[in-house]
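A structural walkthrough
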Amino acid sequence: MRIDCPLCGCRDSREFHYRGTGKLMERPAADAGAEAFHDYIYMRENPAGVNCELWFHEMGCRAWLLVERDVSSHEFLSVRLAESVTRGKQ
Amino acid sequence: MRYSAWEVFRNGLTGNKGWKPVWRNPEPKSSYDVVIVGGGGHGLSTAYYLAKNHGIANIAVLEKGYLGGGNVGRNTTIVRANYMLEGNSQFYSHSLKLWENLERELNYNVMLSQRGQILLAHSDGQMDRFARLGNMMRMQGDDAELWGRDEVRAKLPYLNHDTARFPIYGGLMHWRGGTARHDAVAWGYARGADRRGVDLIQNCQVTGFRIEGGQIRGVDTTRGYIAAGKVGMCVAGRSSQVGEMAGLRLPIESHVLQAFVTEGLKPLIPHVVSFGMGHFYISQSDKGGLVFGGDLDGYNSYAQRGNLPMAEHVAEAGMALMPMIGKARMLRSWGGIMDMSMDGSPIIDKTSIDGFFINCGWCYGGFKAVPASGDVFAHLIATGNHHAAANRFLLDRFATGRMIDETGNGATPNLH
Ligand SMILES: Cc1cc2nc3c(=O)[nH]c(=O)nc-3n(C[C@H](O)[C@H](O)[C@H](O)COP(=O)(O)OP(=O)(O)OC[C@H]3O[C@@H](n4cnc5c(N)ncnc54)[C@H](O)[C@@H]3O)c2cc1C
Ligand SMILES: [Zn+2]
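These lines cover the structure that appears in this document, whether it is placed above or below. Predicted model, so just to flag it, every value in this text is computed and none were measured.

In this section: the overall build of chain A. Along chain A, the regular secondary structure elements total two helices and six strands. Seen in sequence order, chain A has helices and strands lined up from the N terminus as β-β-β-α-β-β-β-α. Overall size of chain A, expressed as C-alpha extent along the three principal axes, is 40 × 30 × 20 Å. Out of the 90 residues in chain A, the part that is buried amounts to 42%. Of the roughly 5000 Å² of accessible surface on chain A, a fraction of 50% belongs to carbon and sulfur atoms.

Printed below as a string of structure tokens:
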């Protein structure tokens, strides 16, 4: 697998660290309650198609990337800087 | 037919014409008391024990492909009972005891080979941990021997004892651990279930569940609707998707694990060797191939094939531990999809739907679990109560804080 990092270009996936579902960026508010946190931490969509996920370019620019990947074919469909998503929300 | 030395002899004299198909290939009936979804190790053993221990005869196992074509036929066949945490330890201990009597139980040769499994230690801290683990195993009646550096060197002289990146300090030997023939386990349970009247229905994918008033009524399949009093789900890597059809969301991710085998060699590695520090384990099959593997590829996957970085990593770890294997030629590699739970331990429980039971989250450990999983899941389905050996594998343990996290990695399924 190769990942097209917006800052570094197309690089071998070995340079990246996989963190997991992109949903981890949607942290509930501190007072959202135990159920919301249980859901956030433990429950997973786990689709057999396009998965939104966080990869860290550990051996490159060290940016967090928000990636859409087809987990049945391992094809990368889109790569964005996670930061740009957070900025867009502010 | 009951298999025996006499049958082998008799068939040898009569041109081997007496062997019959091992199970029937029935058409699905319109209704069953219990429907098991998934014809892997867990589904087949569950059906077997439902029929045998609980006297339920009207059972079907629905398998979307062919029996034993899933992970039960893709794993590296290691059987052991050296788990540490309450909840896991008694379950795997129960499973190993069932393994030890399985061939007699099933009248089928599952080729259980208790050749011993050794966990290698590479630091004082790891030796302390293994001393504790070994004591806990012995306290519950299983076996463990703590070996020092010299003992490991004497018994496993082929390891790299002198120039290793992670020098070997010792190890924990578990003599009753070993390997079994994976296909034979599936076939043995399938045959046993069929002989007790269970319908094993292949090429029958479950595509939906009918639920009325919070009660399961039946399953939609590619071979039509089948009514069911109770339904048990044993679909391994597909648990999230099949669960979703029943409206369940599960604390599970699907990941790919690879395995590798070399050409057949003369007897070389008598035990199962686990090199946790390097993410590598190895044994030698009865045919002579070196069977080995490592950790998950590390990212979510349903692809049933892994990537080269992990193949390279596993090969490097193998070379670091036993440089001699560098001369062996690797014949094949393959991958299987594992249902990784959030604490690395399985889920065997009822659900919010009456009559709908789940058995999933097997991670790396699902092959050694096959006998006990079937036993306890059948018990749960038949009686509605958890079996004493499996009363902590609860679906709500993540909400109640009762996780069984053997590696202490938390909710990072790719690291368990
Ligand atoms: C490479 C590798 C090595 C492993 N090594 C070991 C090991 O050494 N020791 C160990 O203990 N464990 C090991 N495991 C884990 C173990 O193999 C699994 O945990 C275990 O086999 C899973 O349970 P099962 O046998 O029931 O799964 P499977 O055999 O996968 O059975 C599930 C079945 O469900 C069917 N199914 C799915 N969806 C549907 C549907 N909608 N309708 C009908 N049927 C459906 C599938 O076709 C499949 O046949 C390994 C796994 C892999 C991949
Ligand atoms: Zn980068």
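Once the structure has been displayed, the description carries forward.
What follows concerns the site of ligand 1. Residue and element names in this part refer to chain B. Around ligand 1, the structure places 37 residues, and the nearest of them are E63, N71, T76, Y364 and K368. The backbone of N71 places a nitrogen or oxygen atom 2.8 Å from an oxygen atom of ligand 1. Considered on its own, ligand 1 offers 1000 Å² of accessible surface; in the complex 96% of this is hidden by protein. Secondary structure elements with two or more residues in the shell around ligand 1: helix 2 (41–54), strand 12 (252–264) and strand 16 (330–341). Broken down by class, the residue content of the shell around ligand 1 amounts to 17 nonpolar, 15 polar and five charged.

By a widely used convention, the size of an interface equals the accessible area lost when the partners come together. Contacts between the two partners involve 23 residues from chain A and, on the opposite side, 28 residues from chain B. Interface area lost by chain A to chain B is led by Y42, R44 and N46 of chain A, which between them contribute 32%. At the boundary of chain A with chain B, the tally comes to four salt bridges. Notably, a salt bridge pairs D39 of chain A with R249 of chain B, separated by 3.1 Å at the nearest N-O pair. At the boundary of chain A with chain B, the tally comes to 13 residue pairs in polar contact (both at pLDDT 80 or more). Elements represented by at least two residues in the side of chain A that touches chain B include exactly strand 3 (17–21), helix 1 (34–42) and strand 4 (50–56) of chain A.

Here the focus is the coordination of the zinc ion (ligand 2). All names here are of chain A. On the protein side, the zinc ion (ligand 2) has C5 (SG), C8 (SG), H57 (ND1) and C61 (SG) as donor atoms, found 2.0 to 2.3 Å from it. Because the angles between the four donor atoms bound to the zinc ion (ligand 2) fall within 104 to 119°, the donor set is best described as tetrahedral. Mapped onto the sequence, the donors of the zinc ion (ligand 2) take the spacing C-x2-C-x48-H-x3-C. Here C8 is found in the loop between strand 1 (2–5) and strand 2 (9–12), whereas its partner C61 is found in the loop between strand 4 and strand 5 (64–70), with 53 residues between them in sequence.

In this section: the pairing of strand 18 (residues 356–360) of chain B. Residue and element names in this part refer to chain B. Most of strand 18 sits inside the fold, with five of its five residues counted as buried. The alternating pattern of strand 18 places F356, I358 and C360 and F357 and N359 on opposite faces, both of which are buried. Sheet topology places strand 11 (residues 224–233) next to strand 18; three bridges connect them, and they run parallel. Within strand 18, the position partnered with V231 by the bridge is F356. Sheet analysis places strand 17 (residues 347–350) next to strand 18, joined by four bridges and oriented antiparallel. Within strand 18, the position partnered with D349 by the bridge is I358. Taking the residues between adjacent antiparallel strands as the criterion, strand 17 and strand 18 are bridged by five residues, where G355 takes a positive phi near 85°.

Residues and elements named next belong to chain B. This structure, assessed with the given rule, holds 21 aromatic pairs over all chains. Seen in terms of ring centroids, F209 and F356 are 4.9 Å apart; in terms of plane orientation they differ by 65°. Their pairing is edge-to-face. With F209 in strand 9 (residues 206–212) and F356 in strand 18, this residue pair connects regions lying 147 residues apart in the sequence. Of the two residues examined, F209 and F356, each falls in the buried class. Cation over ring: R165 sits above F166, and NZ or CZ is 4.5 Å from the ring centre. The side chain of R210 reaches across the aromatic face of Y225, ending 3.9 Å from its centre.

All names here are of chain B. If you trace the eight strands from one edge of the open sheet to the other, you get 5-6-4-13-14-15-12-16, paired in mixed fashion. The open sheet has two edge strands with one neighbour each: strand 5 (145–148) and strand 16. Adjacent strand axes in the sheet meet at a mean angle of 20° when their direction is disregarded. Of the strand pairs in this sheet, strand 13 (residues 272–275) and strand 14 (residues 280–284) are connected by three bridges, and their pairing is antiparallel. In the strand pairing of strand 14, S274 is matched with Y281.

Here we take up the sheet that holds strand 3 of chain A. All names here are of chain A. Ordered by their spatial adjacency, four strands build an open sheet running 3-4-5-6, and the pairing between neighbours is antiparallel. Two strands bound the open sheet, and with one partner strand each, they are strand 3 and strand 6 (75–81). Each adjacent strand pair in this sheet contributes to an overall mean axis angle of 30°, direction not counted. Bridge analysis of strand 3 against strand 4 gives four bridges, and the strand direction is antiparallel. Each bridged residue has a counterpart across the sheet, and for Y18 the counterpart in strand 4 is W55.

Take the environment of L415 of chain B next. Along the chain, the position of L415 of chain B falls in the segment after helix 11 (397–400). Taking the C-alpha atoms as reference points, L415 of chain B and L296 of chain B, 119 residues apart in sequence, are found 8.0 Å from one another.

Residue and element names in this part refer to chain B. As for its position among the elements, K266 is in the loop between strand 12 and strand 13. On the basis of relative accessible area, K266 is assigned to the exposed category, the value being 72%. Separated by 142 residues in the primary sequence, K266 and D124 have C-alpha atoms spaced 35 Å apart.

Attention now moves to the nonpolar core. Buried together is how nonpolar side chains tend to be arranged in soluble globular proteins. Residue and element names in this part refer to chain B. Membership of the largest hydrophobic core comes to 50 residues, with the highest contact counts inside it found for I59, F91, W99 and Y189. Those elements that provide at least two residues to this core are strand 1 (31–37), helix 2, strand 2 (59–62), helix 3 (88–100), helix 4 (102–106), helix 7 (182–195) and helix 10 (370–383). With seven residues, the top contributor of residues to this core is helix 10. Excluding its chain neighbours within four sequence positions, the residues that come into contact with W99 are V79, V110, L112, A180, V185, F367, K368 and P371. Judged by nonpolar contacts, the second largest core, of 29 residues, contains A228, V231, L250 and F356.

About the cut-offs
- Counting starts from 1 at the beginning of each chain's written sequence and moves along it residue by residue.
- Just so you know, chain letters begin at A and ligand numbers begin at 1, following the order they were written in.
- pLDDT decides what is reported in this predicted model: residues at 70 or higher carry local features, side-chain atom pairs at 80 or more are listed and counted, and totals for whole chains, interfaces and linings draw on all residues regardless.
- In computing side-chain properties, one takes all heavy atoms of the structure into account and sets aside hydrogens as well as water.
- A run of DSSP states H or I qualifies as a helix once it reaches four residues; a run of E qualifies as a strand once it reaches two. Both are numbered from the N-terminal end.
- Per-residue accessibility, obtained with a 1.4 Å probe over protein chains only, is compared with the maximum for each type, and a residue is labelled buried under 20%, exposed over 50%, and partly exposed between these values.
- Surface exposure here means Shrake-Rupley accessible area, sampled with a 1.4 Å probe, where a residue is shielded only by the protein chains that are shown.
- Whether a residue is near a molecule or strand depends on its heavy atoms: it is near if one of them lies within 4 Å of it.
- Distance and chemistry together define a polar contact, namely a pair of N or O atoms within 3.5 Å, with one atom able to donate a hydrogen and the other to accept it when in protein, and with adjacent residues in sequence counting only for side-chain atoms on both sides.
- Residue polarity follows a fixed list, in which Ala, Val, Leu, Ile, Met, Phe, Trp, Tyr, Cys and Pro are nonpolar, Asp, Glu, Lys and Arg are charged, and the others, Gly among them, are polar.
- Only heavy atoms enter the contact rule, under which two residues are in contact if any of them lie within 4.5 Å.
- A quick way to say it: buried area is the sum, across both parts, of accessible area lost when two parts are put together, with a 1.4 Å probe.
- Any Lys or Arg side-chain nitrogen located within 4 Å of an Asp or Glu carboxyl oxygen qualifies as a salt bridge.
- Water is absent from the atoms considered, so a metal site may look incomplete; donors are defined as N, O and S atoms within 2.8 Å of the metal, or 3.2 Å for Na, K and Ca.
- Under the classification used here, a metal with four donors is tetrahedral if each angle lies between 85 and 135 degrees, square planar if opposite donors are over 155 degrees apart and the others between 65 and 115, a six-donor metal meeting that same test is octahedral, and anything else is irregular.
- Between any two strands, pairing holds if DSSP finds at least two bridges.
- Pairs were defined over the aromatic rings of Phe, Tyr and Trp, the Trp ring being its six-membered one, requiring ring centres within 6.5 Å. Orientation was assigned from the angle between planes: stacked under 30 degrees, edge-to-face over 60, tilted for the rest.
- Here, over-ring charges are defined by two tests on the NZ atom of lysine or the CZ atom of arginine: distance to the ring centre within 6 Å, and angle to the ring normal within 35 degrees.
- Note on method: axes are straight lines fitted to C-alpha atoms, helices fitted across the in-contact stretch only, with angles between N-to-C directions ranging 0 to 180 degrees.
- We call a set of buried residues a nonpolar core when its members are Ala, Val, Leu, Ile, Met, Phe, Trp, Tyr or Cys and they connect through side-chain atoms within 4.5 Å of each other.

Nothing here speaks to function; it is all geometry.
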